[in-house]
Structures are given as C-alpha cells and as structure tokens.
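As a plain string of letters, each chain reads:
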Amino acid sequence: MGVEVVSGGVVEAVAPAKEVSAKAEAVAVAPGAAAVAKNQSFREESNRLGDLKDGERKALAELRAKVEEAIVEGKLFDFEDTTTTTSSKVKVEKKKKEKKEGKKKEKAAEEKKEEEVKEEAAVTEEKKTEEEPKKEVEAPEEKKAEEAKEESTEEKKEEAEPAEEKKEEAAATTEDAGEGEKADTAAPAAVVIDKDVALWGVPLLPSKGDEATDVVLLKFLRARDFKAGAAFDMLRKTLRWRREWKSLAATAADDEGADAMPESACRLDGADREGHPVCYNALGVFADDAVYKAALGDDEGKARFLRWRVRAMESHVAELDFAPGGVASLLQVTDLKNSPGPAKKDFRVAIRQVVDLFQDNYPELVARNILINVPFSYYAFSTLFYPFLTQRTKSKFVVARPSKVTETLLKYIPIEAIPVKYGGLKRDGDTEFSAEDAEITEVVVKASSTETIEIEATEGDTTLTWDLTVLGWEVSYKEEFVPSDEGSYTIVVSKGRKMGATEEAVRNSFRAGEPGKVVITVENATRGKKKLMFRHKAKSSSAKKC
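Owing to the predicted nature of the structure, the values given are computational and were not obtained by experimental measurement.

Here is what the cut-offs are and how they apply
Residues numbered from 1 in each chain as written. Predicted model: local features only at pLDDT ≥ 70, side-chain atom pairs only at ≥ 80, totals over all residues. Heavy atoms only, no water. Helix = DSSP H or I, 4+ residues; strand = E, 2+ residues; numbered from the N terminus. Buried < 20%, exposed > 50% of the residue type's maximum accessible area, 1.4 Å probe, protein only. Contact = heavy atoms within 4.5 Å. Areas by Shrake-Rupley, 256 points an atom, 1.4 Å probe, with all protein chains shown as cover. Axes fitted to C-alpha atoms, helices over the stretch in contact; angles between N-to-C directions. Parallel < 35°, antiparallel > 145°, perpendicular 65-115°, else oblique. Nonpolar A, V, L, I, M, F, W, Y, C, P; charged D, E, K, R; others polar. Phe/Tyr/Trp six-rings, centres within 6.5 Å; stacked < 30°, edge-to-face > 60°. Lys NZ or Arg CZ within 6 Å of the ring centre and 35° of its normal. Pairing = 2+ DSSP bridges. Salt bridge = Lys/Arg side-chain N within 4 Å of Asp/Glu carboxyl O. pLDDT = per-residue confidence, 0-100. Core = buried A, V, L, I, M, F, W, Y, C linked by side-chain atoms within 4.5 Å.

A. Spotlight on the overall build of the chain. Within the chain, the secondary structure is distributed over 12 helices and 19 strands. In the chain, which comprises 546 residues, the share counted as buried stands at 40%. Of all intrachain contacts in the chain linking residues separated by at least 6 positions in sequence, the fraction that spans at least 24 positions is 79%. As displayed, the chain offers around 30700 Å² of accessible surface, 50% of which is attributable to carbon and sulfur atoms.

B. Up close: the packing of helix α5 (residues 228–244) against helix α8 (residues 345–361). At a minimum axis distance of 9 Å, the contact between α5 and α8 shows a crossing angle of 120 degrees. One finds that α5 runs oblique with respect to α8. Across from M234, K237, T238 and W241 in α5, the residues of α8 making contact are L357, Q359, D360 and N361. Taken together, the residues of the contact of α5 with α8 sort by class into 3 nonpolar, 3 polar and 2 charged.

C. Main features of the packing of aromatic side chains. Counted according to the given criterion, the structure contains 12 aromatic pairs. Judged by centre distance (5.8 Å) and plane angle (20 degrees), the ring pair of Y280 and Y422 falls under stacked. Highlighted residues: Y280 in strand β8 (residues 277–282) and Y422 in the loop between α11 (405–410) and β12 (441–445), separated in sequence by 142 residues. The same class applies to Y280 as to Y422, namely buried. An aromatic cluster of at least three residues, connected via ring pairs, comprises W200, F220, W241, W245, F322, F358 and Y362. The ring of F77 carries R243 above its face, with NZ or CZ at 3.6 Å from the centroid.

D. Seen up close, the packing of helix α1 (residues 54–72) against helix α4 (residues 211–223). In contact at an axis separation of 10 Å, α1 and α4 are set at 110 degrees when each is read in the N-to-C sense. One element, α1, and the other, α4, form an angle in the roughly perpendicular class. Between α1, through A59, L60, L63, R64 and V67, and α4, the contact on the second element is made entirely by D214, L217, L218 and L221. Taken together, the residues that form the contact of α1 with α4 break down as 7 nonpolar, no polar and 2 charged.

E. Geometry of the pairing of strand β15 (residues 475–483). Residues of β15 alternate between two faces, with V475, Y477, E479, F481 and P483 buried on one and S476, K478, E480 and V482 left unburied on the opposite face. Sheet topology note: the β15/strand β16 (residues 491–499) ladder contains 6 bridges and is antiparallel. Across the sheet, the residue bridging to E480 is V492, located in β16. Across 8 bridges, the pairing between β15 and strand β18 (residues 516–524) is antiparallel. Opposite V482, over in β18, you have K517 as the bridge partner.

F. Just unusual backbone geometry, in detail. In this model, E364 sits at a positive phi of 55 degrees, which is unusual for a non-glycine residue. Within the element layout of this structure, E364 appears in the loop between α8 and β10 (366–372). For E364, a relative accessible area of 14% corresponds to the buried category. We note that W473 has phi near 35 degrees; this positive angle belongs to a residue other than glycine. Tracing the chain through its elements places W473 in the loop between β14 (462–470) and β15. Exposure remark for W473: the relative accessible area of 1% places this residue in the buried category.

G. The pattern of salt bridges, seen in detail. Counting across every chain of the model gives 20 salt bridges. Salt-bridge contacts for D54 lead to R57; the nearest nitrogen and oxygen are separated by 3.3 Å. With D54 and R57 both in helix α1, this residue pair falls 3 residues apart, about one helical turn. Overall, D54 belongs to the exposed group, its relative accessible area being 63%. Taking the relative accessible area as the measure of exposure, R57 reaches 38% and is therefore partly exposed.

H. Representation of the confidence of the model for the chain in the model. For the chain, the mean per-residue pLDDT works out to 79, and 66% of the residues sit at or above 70. Counted against residues more than four places away or in other chains, residues 81–90, with its pLDDT under 50, gives 3 contacts.

I. A look at the nonpolar core. Ranked by internal contacts, the top residues of the largest apolar core, which has 69 residues, are W200, L204, F286, F305, F322 and Y362. Within the residue set of this core, elements represented by two or more residues are α1, α4, α5, α6 (289–296), α7 (299–317), α8, β10 and β11 (397–400). Here the element with the most residues in this core is α4; it accounts for 8 residues.

J. Here's a closer look at the environment of A231. On the secondary structure map, A231 appears in helix α5. A231 has contacts with L63, F220, L221 and R224, leaving out every residue within four places of it along the chain.

Given below as structure tokens:
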C-alpha cells in the first residue's frame, strides 16, 4: 500500500544527563535522565533553485515559459479542445452510417416496388398472351433493355456514393473549421489579459520576478514527475476549478448550516519539528447522528460538507510561506477513532471526493499524512481509495494503531506541541506553560524498575507545577511532598494508582509552605522499558512581590 506502519517502538536517542536547576527549585532524577533528543523528522525536497538537478531546472524553465506565454497572450484559461479532430471524424462517420442506412432502406423499398411491378407485369402479360401473340417475342427484348438500364443506373449510384461521402466529410470538416474560425475571430474581442493572475496569493507571471512563483510551479512539477506539459495542464485545470468554485473565498457565515460542523473536526494546532502547521482531522465527530445527517444526510448537506472542507483548506494554506526555504506545506493528522466505518456509503463517497479534489487542486501542500487510532476496518476502507492516489501521495502516509499514537506523533511533533488527548503536553488555553517556558526532560524507566523525580523548592511559600507523561503508560504512579525539616510530616500529593495505556499527561501543582521537594515515583513492572517526559516550573511568593 506504500505506507509506513508503526508497529514497534521508536529508536531511542538519549543525550547525556543534564542537571536542571533554578533559584527556587531543583530537580533530582536518576542517572538515565536527559533532555529530549528530537527525532530527525522527514525532509521534503528543497524548493531552492540552487538545489535542483539539471533535469528539474530544465523542466522548471519550460513550465515558466509556458505560463509566461499563456498569461501574456491571455490564453491561460483557454483550454485547447484536443478532441476537435476526433469529434469531426465521429460526425462524418455518423453521417456516413445514417446515409448508408437510409440508402439501404431506399434500395429495399425500390426492390420491393420493382418486384410488385414485375408481378403485375407478369399477370398482365399472361392475360395478353392469347390476344397479342406477336408481342411475346418483343416483351423479353424490352425487359432485357429495362434491366440493363436499371443496372447501369445502380452502378452510377454506387460510383456516386464515395464522392458524396467525401463531400460530406469535407463539409463536416469545413463546418468545424468554420466554427473554429468564428471562435478565433470572436476571441480577440473577448480576450482580457490579466498579468496579475495569482494562486494562493503568489503571482504566476514569472517575469514579475517573485521568487515564490518558482516554489508554486515546482509543486505542480513534482506532482507530475517534472513533466512540464502535464504540470501546465494541471495548473490550468486548477485555475479553472478555482474560478468555477463559487464559495472558495466564502466564510462559514455565508453558508447556511455550515456551523453544523464542530470546530474540532478540522483545525490547525501548533507546528511540527520542521515548522509545518499541523492540521488535525477528527473523523469521530461523524459518529454523532445529528452531525452525520447535517453533513451527509442529503445532496445539499454533502455539497455543504465539501464547501466547508475546501474553505478550511484555504484558510490553512493562507498560513504557509511560499518563499524559497519557507514552510510551504502542512502536516496532516487524521484521527480515525470512532469514525464511521466503510459500511457508511455516504461517508466513503465524501472522503473520496475530498481526497480527489485535494490531490488535483492542492498539489504538494501536505508534507505528511499521519493516520492515527487506525482500526482494523481501515485496511478494508483504504483499498477503496488507495488505487486512485498517486504513488507520491501514497508514500506520504504513516499509519499508527491506537497503542502507538504518541510514539508515532513524537517522531514528527515535539511532545509540548502534541495535544494531551494524544499523549502530549499541549492543552488548549494553557496559562501555565508555553513552548518556551521550560525544557522537556526525558527519563528512561527500565523494565521491572522504579524511577523517582524530585522537584525541589529551596524556600517556603513556593508553588511547584509540573507536566508529566509516560509513553504507553502501564506503570504505577504517585506524588508526595517531603519537607526538608525531618520533624515535618510527608504530605501525599497524589495517591498511588495504576496508569492505563491511554492515560493523558498528568498536570499538577503543589504550594510548599516550607522548603522541601515533590517526589514523583514511577514503577515499571512490565518487561519493556518506558520513556517518561516532563517539565516543571516554580513560582515563589518573593518573586511575585518583586
């Protein structure tokens, strides 16, 4: 199927142990602790001219020339009818066929008439035989003369048929040519040369000198294996589609009933390691009958659903940077949890329409397509639309079963940018942490072992806050505050509990009235090692007063 299936653990990359300290806090962890080493993400082909191969440069130059000529001559939206010759031939053949059938019918009618005439003549001759015996000798001679005359007439008709067919063919060609001449004659008067034509906010006229123009053209070339002619046709079709798609620039407010689609169904949230905006698609929203009926219940709903998805794509593309070296594509994450199965025909058809539409009109705007929480039924579902995807599109798919969601996403997206529902640390409207607040620290918890994390408050009246997650969890977890004064009592912050495989990240805080430390204990009773990631911060009352 041409996809990467995540079925094992990710490759470890642990940096040397690093001490984390601050004025009002300190963290003590086992020797295995380390700052998270970011996995090397996939890399797209460069969109800089200097990095292109000779053949690619040649194809780009050819496409630039085609686009320049088409825009300057006002023919960018004129689509040559490659079927003109074929249609002429079809017309001629059709006329020939109709003519032949008509002649056959006429000939059959004439033959029938002749037979009737002959029969009548025979009867008349029999009657006249007794009365006019002399005419018996003359009759055969006259009959022969008539037959010879008829035969010569038929021969002339047959000889005339090819000439008539040629005339008809010439007439049909002349008719098509006449139509073409009329169109050509009328065209100059209707041609409007628009040198400001643009796509995704980027001018397409190469002579304008905008570097982003080459980046956009390269996307069409890569989608068509650097075949300039095919890329040019694809570009023209895309421009025509955008011109015909009336609600392309519309907003949800302009489309009655568009608010039936939940915001979580498709939204941008954060960026991956390479800076690509991440688009999350949650197909599970269609499990709700009301949403499903509103989106796919009838033809009007299906059309509205398609418009909604296109508008969402347009808003996402607006976030891209088409300058050379800029981030010019998205990372797409599609969550199949609770999504309608392949048995739902309307859903199947709608997804196929979106896939086809995006593949034809938004080439190379998705750097990677990650499918998560993939059920077994997906493999049957995928066979329905995979044959219609290009090999290049197929190669961008990554498939992750429910148990490997966080591990898979972590290969492409930093843990602080992965939403908590997918095992990351990112929370909507988070006021405690930002990506710049604290460095993520990683601890490897070996099989059948226990690790402790100590977050220290060096002074009283300090609030400690922490985020923590374990990939795949299945561990025991507890939190305590241990005062520095041996005479004070240990305080249970969070009772020990078993953490399941699908648990979200833990976010907790504790206000220490005296110096001490929060001790987090993670016990791994499984036979495999676990990766723990956390961040923390401290706020002291003295710092607030300052």
